[in-house]
Amino acid sequence: MLAFMPTLGIRFDIGKVNSAAYGIACWRIFWEAIDPRNLPATLLFEGDTKGTLNGQENVFCIALQSMDRSAVESVRTALEHHDGFQKVAAWPPFGEDMAVVNEPLPDAGRIDAFGELVGTATNSRPALEAAKKQNLDRAAEKGSLAKA
C-alpha cells in the first residue's frame, strides 16, 4: 500500500461472517453495497489483520486506496447504512490511512479508470460476479412482479 494515498479499511468480524470462505463472503457484502463504477482508479487489498494473525482479534479487512478522498468516504457512508455489513462488522468497523497501511494486506486487484475490476482478484472477482447476478435476479423479480 502507498502511505500517501487516502486509505479506508473495512473490518469484518470473521466469527459473525460464519463461513469457511469468509474472504469471498466479506467481498460479496462489500459489492452488494458498492458499485465498482463509482471507484475508478482505486487499489484494493484484503486479508486477516495483524491482530488476527497474532491471536488478538478475529478480523478480515478489505482496504481501498484512492486519490479521490470523496470516493473513499462514499464507501464508508454506504457501508455504515448497509444492513448486511452492520451484521458482520468488527469493532471498530473502519480503519483509516496509516493504521490500515501498516496492516499486512495483500493485493486484491484494482478498479481501473472505467470502473472495471482488473488484476489479481482471487476473492473479490467471484464475489463481484455473485453480487452482479444477485442484482440482476432482483431486478428480474421486480419486473415480473410489476407485470403481475
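Preceding this section is the structure that the text describes.
None of these values were measured; they are calculated from a predicted model.

Visitor: Before we go on, may I ask you to explain helix α4 (residues 69–80) in this structure?
Guide: Count 3.6 residues to each turn of an α-helix, and residues three or four apart come out pointing the same way. Over its 12 residues, α4 runs 17 Å from end to end, which matches the ideal 16 Å to within 8%, given 1.5 Å per residue. Residues Ala-71, Val-72, Val-75, Arg-76 and Leu-79 constitute the buried set of α4. Angularly, the buried residues of α4 cover 145° about the axis, an arc narrow enough to put them on a single face. Among the structural elements, β1 (7–13), α2 (22–33), β3 (59–65), α5 (83–88) and β4 (89–96) are those in contact with the buried residues of α4.

Visitor: What exactly am I supposed to notice about the sheet that holds strand β5 (residues 107–111) here?
Guide: What links the strands of a sheet is backbone hydrogen bonding, and the strands pair in either a parallel or an antiparallel sense. On the basis of which strands lie adjacent, the open sheet formed by 6 strands has the order β4-β1-β3-β2-β5-β6 and antiparallel pairing. The two strands at the open ends of the sheet, each matched to only one other strand, are β4 and β6 (117–118). Strands β1, β2 (42–48), β3, β5 and β6 of the sheet are contacted by α2, whose axis makes an angle of about 45° with β3. Across the sheet, α4 is in contact with β1, β3 and β4; its angle to β1 comes to roughly 25°.

Visitor: Quick question: what am I supposed to make of the layout of surface pockets here?
Guide: Empty space among the atoms becomes apparent when a probe as large as a water molecule is rolled across them. In this model, the largest pocket occupies a volume close to 290 Å³. Of all elements in the fold, only α2 and α7 (124–147) reach the threshold of two or more residues within the lining of the largest pocket. It is α7 that provides the largest number of residues to the lining of the largest pocket, a total of 7 residues. When grouped by side-chain class, the residues that make up the lining of the largest pocket number 8 nonpolar, 2 polar and 7 charged.

Visitor: Could you clarify how one ought to interpret the packing of aromatic side chains in this entry?
Guide: Given two aromatic rings, their pairing is described by the distance between the two centres and the angle made by the two planes. Here the structure, examined in full by the defined rule, presents 6 aromatic pairs. Between Trp-27 and Trp-31, the ring centres sit 5.6 Å apart and the planes meet at 25°, which makes this aromatic pair stacked. Here Trp-27 pairs with Trp-31, and both are found in helix α2, just 4 residues apart, close to one helical turn. A relative accessible area of 0% means that Trp-27 is categorised as buried. Classification of Trp-31 by relative accessible area gives buried; the value is 3%. Note on Phe-85 and Phe-94: the rings are 5.5 Å apart at their centroids and 40° apart in plane angle, and the pair reads as tilted. Of the two residues, Phe-85 and Phe-94, both sit in the buried class. Members of the aromatic cluster, each reached through a chain of ring pairs, are Phe-12, Phe-85 and Phe-94.

Visitor: How should I be thinking about the environment of Gly-115 in this particular structure?
Guide: With respect to the secondary-structure elements, Gly-115 resides in the loop between β5 and β6. Each C-alpha atom, one on Gly-115 and one on Glu-46, is 19 Å from the other, the two residues being 69 residues apart in sequence. Gly-115 has contacts with Pro-36 and Arg-37, leaving out every residue within four places of it along the chain.

Scoring rules and cut-offs
- Residues numbered from 1 in each chain as written.
- Predicted model: local features only at pLDDT ≥ 70, side-chain atom pairs only at ≥ 80, totals over all residues.
- Heavy atoms only, no water.
- Helix = DSSP H or I, 4+ residues; strand = E, 2+ residues; numbered from the N terminus.
- Expected span 1.5 Å × (residues − 1).
- Buried < 20%, exposed > 50% of the residue type's maximum accessible area, 1.4 Å probe, protein only.
- Arc of directions from axis to C-beta.
- Contact = heavy atoms within 4.5 Å.
- Pairing = 2+ DSSP bridges.
- Axes fitted to C-alpha atoms, helices over the stretch in contact; angles between N-to-C directions.
- 1 Å grid on protein atoms, 1.4 Å probe; cavity = no way out; pocket = protein on both sides within 12 Å on 5 of 7 lines; lining within 4 Å.
- Points joined across faces, edges and corners; volume = space filled by probe spheres on them.
- Nonpolar A, V, L, I, M, F, W, Y, C, P; charged D, E, K, R; others polar.
- Phe/Tyr/Trp six-rings, centres within 6.5 Å; stacked < 30°, edge-to-face > 60°.

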